[in-house]
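Next come the chains, spelled out residue by residue.
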Amino acid sequence: MEYVFDVFFEECFDKMERSGLSSRAGRRDIISHLNSVISGCIQGRQTATTQLAVGLAVTSAIDYHNRMKGDNYEVCLMGKYHNVLYIALRITWDWGLEDSAIVRNLLDEIFKCEKTFERLFLGALFGCNAPHFIAGWKSDFNDQDENLRAVVFFLHHSAKARAIYPTYSYAYQRLRQTKFIDVPIESCGKASPLRVALQASAPDVVLILLRHGANPCPDDGGASPVLSLLEKLAECENRCYPFQLVSCLKLLLRTVRMVELPYKPHLYAVRKEMFHAKYEALLEDGLLPPDQVYGVPTLKHTCRCLVRDVLRDNFQLPGGVLKLPLPRKMQKYIDLLD
């Protein structure tokens with residue numbers, strides 16, 4: 001069966017122009033043909049399961065990309081031979097591939113060439129046509145909802161395979177291993193997906209990313225996400241706060257034990273006075289819990305943050321929450337659903 005897929009890629013790409021897969025229509029045409037080949041392999045051989053056939057198809061695509069890159073002194077030209085990886089990405093999602101090791105190999109190959117996963121995340125954040133204006137290409141998914149569900153699919157597999165990638169750390173001033181969910185988006189100022197979702201005021205996406213273990217304080221060189229949201233809310237006239245912006249703040253505060261006061265290196269008393277003067281209205285309107293700024297957070301909230309930190313470090317969010325020997329109501333609280 002491996003031979004069938006190898007021949008498929010060789011025949012399809014041998015005479016294709018370098019820009020043959022630049023358009024979404026061109027990629028969808030190849031995806032349709034490959035889906036037909038997979039279906040034929042499953043029907044033609046009783047011993048061939050769906051998962052086996054899809055796994056071999058994706059592996060063949062990765063191997064073909066590597067061979068073409070190897071023929072060019074290990075340099076990917078980002079043309080049709082690179083887009084074969086996105087053919088495999090769509091096949092993986094269409095057939096619901098369950099082998100996390102193969103999915104991780106696919107993600108690894110994409111990262112080696114691009115150093116980002118923006119082609120997967122941007123469509124989920126802004127819609128499938130928006131990436132065309134941001135990065136010059138269109139998403140391979142039908143709509144934003146499908147793209148978002150695909151992101152969740154790959155988040156699940158990346159956590160299961162413990163996928164990490166070297167990205168620049170502004171805190172340590174060097175490369176450090178970063179989880180798939182926190183890899184910066186190049187065309188959005190190298191901001192993390194969570195920060196981009198917060199800037200876009202998309203609470204549904206923010207909740208998904210936080211539940212799956214996105215770092216609430218990403219090391220992408222930007223300001224504290226909480227303080228960025230407070231800055232936006234403080235600029236609202238007549239205390240008319242946008243609902244989506246408030247929702248993003250409330251979700252983010254569920255994952256942060258304390259809001260660190262800015263204005264360093266002033267003494268704490270001065271920083272507290274400056275903070276209160278700027279955000280007094282937000283405190284009075286209940287948008288910002290005083291105990292998370294000036295006092296001591298509740299034991300319940302502190303425990304939630306600590307438990308989530310441990311689960312996040314061990315790639316166990318959100319699935320690991322259900323394994324905790326706790327009442328369902330408490331599990332929902334830890335999982336940010338209550």
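Residues numbered from 1 in each chain as written. Predicted model: local features only at pLDDT ≥ 70, side-chain atom pairs only at ≥ 80, totals over all residues. Heavy atoms only, no water.

Undergrad: Summarise the nonpolar core; cite the residues concerned and give the values.
TA: Among the nonpolar cores identified, the biggest contains 93 residues, and Val-58, Phe-117, Phe-121, Phe-154, Phe-180, Leu-209 and Leu-230 are the most heavily contacted of them. A total of nine residues in this core trace back to one element, the largest contributor, which is helix α3 (residues 50–70). Beyond its immediate stretch of four places on either side in the chain, Leu-209 contacts Phe-121, Leu-155, Ile-181, Pro-193, Leu-194, Ala-197 and Ala-214. (Core = buried A, V, L, I, M, F, W, Y, C linked by side-chain atoms within 4.5 Å. Buried < 20%, exposed > 50% of the residue type's maximum accessible area, 1.4 Å probe, protein only. Helix = DSSP H or I, 4+ residues; strand = E, 2+ residues; numbered from the N terminus. Contact = heavy atoms within 4.5 Å.)

Undergrad: Got a sec to walk through the packing of aromatic side chains? Specific residues and values, please.
TA: Summed over all chains, the structure comprises 16 aromatic pairs. If you follow Lys-300 out to its NZ or CZ, it ends over the ring of Tyr-333, 4.5 Å from the centre. The lysine or arginine in question, Arg-304, covers the ring of Tyr-333, its NZ or CZ lying 3.8 Å from the ring centre. (Phe/Tyr/Trp six-rings, centres within 6.5 Å; stacked < 30°, edge-to-face > 60°. Lys NZ or Arg CZ within 6 Å of the ring centre and 35° of its normal.)

Undergrad: Talk me through the layout of surface pockets; I want residue IDs and the actual numbers.
TA: Roughly 600 Å³ of volume is contained in the largest pocket. Gln-177, Thr-178, Asp-182, Asn-215 and Asp-219 are the residues nearest the centre of the largest pocket, which is lined by 27 residues in total. Within the residue set of the lining of the largest pocket, elements represented by two or more residues are β1 (164–169), β2 (174–179) and α14 (299–313). Residues that form the lining of the largest pocket fall into these classes: eleven nonpolar, seven polar and nine charged. In this structure, the lining of the largest pocket is formed jointly by two domains, domain 2 (115–222) and domain 3 (252–335), each of which donates at least three residues. (1 Å grid on protein atoms, 1.4 Å probe; cavity = no way out; pocket = protein on both sides within 12 Å on 5 of 7 lines; lining within 4 Å. Points joined across faces, edges and corners; volume = space filled by probe spheres on them. Nonpolar A, V, L, I, M, F, W, Y, C, P; charged D, E, K, R; others polar. Domains from an automatic or database assignment.)

Undergrad: Report on the packing of α3 against helix α5 (residues 100–114), specifying residues and quantitative values.
TA: When two helices pack together, you describe them by how their axes are tilted relative to each other and by the distance separating the axes. For the pair α3 and α5, interaxial distance at closest approach is 10 Å and the crossing angle is 25°. Between α3 and α5, the crossing angle belongs to the class labelled roughly parallel. Like other packed secondary-structure pairs, α3 and α5 cross with a definite hand, here left-handed. Across the interface between the two elements, Gly-55, Val-58, Thr-59, Ile-62, His-65, Asn-66 and Lys-69 from α3 touch Ile-102, Asn-105, Leu-106, Glu-109 and Cys-113 from α5. (Axes fitted to C-alpha atoms, helices over the stretch in contact; angles between N-to-C directions. Parallel < 35°, antiparallel > 145°, perpendicular 65-115°, else oblique. Left-handed = near helix turned anticlockwise from the far one by under 90°.)

Undergrad: Please provide a residue-by-residue account of the pattern of salt bridges, values included.
TA: Enumeration over the complete set of coordinates arrives at 15 salt bridges. Between Lys-278 and Glu-231 there is a salt bridge, with the nearest N and O atoms lying 2.8 Å from each other. One end of the pair, Lys-278, is in helix α13 (residues 268–284); the other, Glu-231, is in helix α11 (residues 225–234), with 47 residues separating them in the sequence. Using a relative accessible area of 31% as the deciding quantity, one classes Glu-231 as partly exposed. One salt bridge connects Glu-284 with Arg-239, and the closest N-O pair in it is separated by 3.0 Å. Taken together, the positions of Glu-284 in helix α13 and Arg-239 in the loop between α11 and α12 (243–253) put the pair 45 residues apart, joining distant regions of the chain. Overlapping salt bridges, with partners in common, bring together Arg-90, Asp-94 and Glu-146 in one network. (Salt bridge = Lys/Arg side-chain N within 4 Å of Asp/Glu carboxyl O.)

Undergrad: A description of the pairing of β1 should follow, citing residues and the corresponding values.
TA: Pairing of β1 with β2, which is carried by six bridges, proceeds in the antiparallel orientation. Note that in β2 the partner of Ile-164 across the bridge is Lys-179. (Pairing = 2+ DSSP bridges.)

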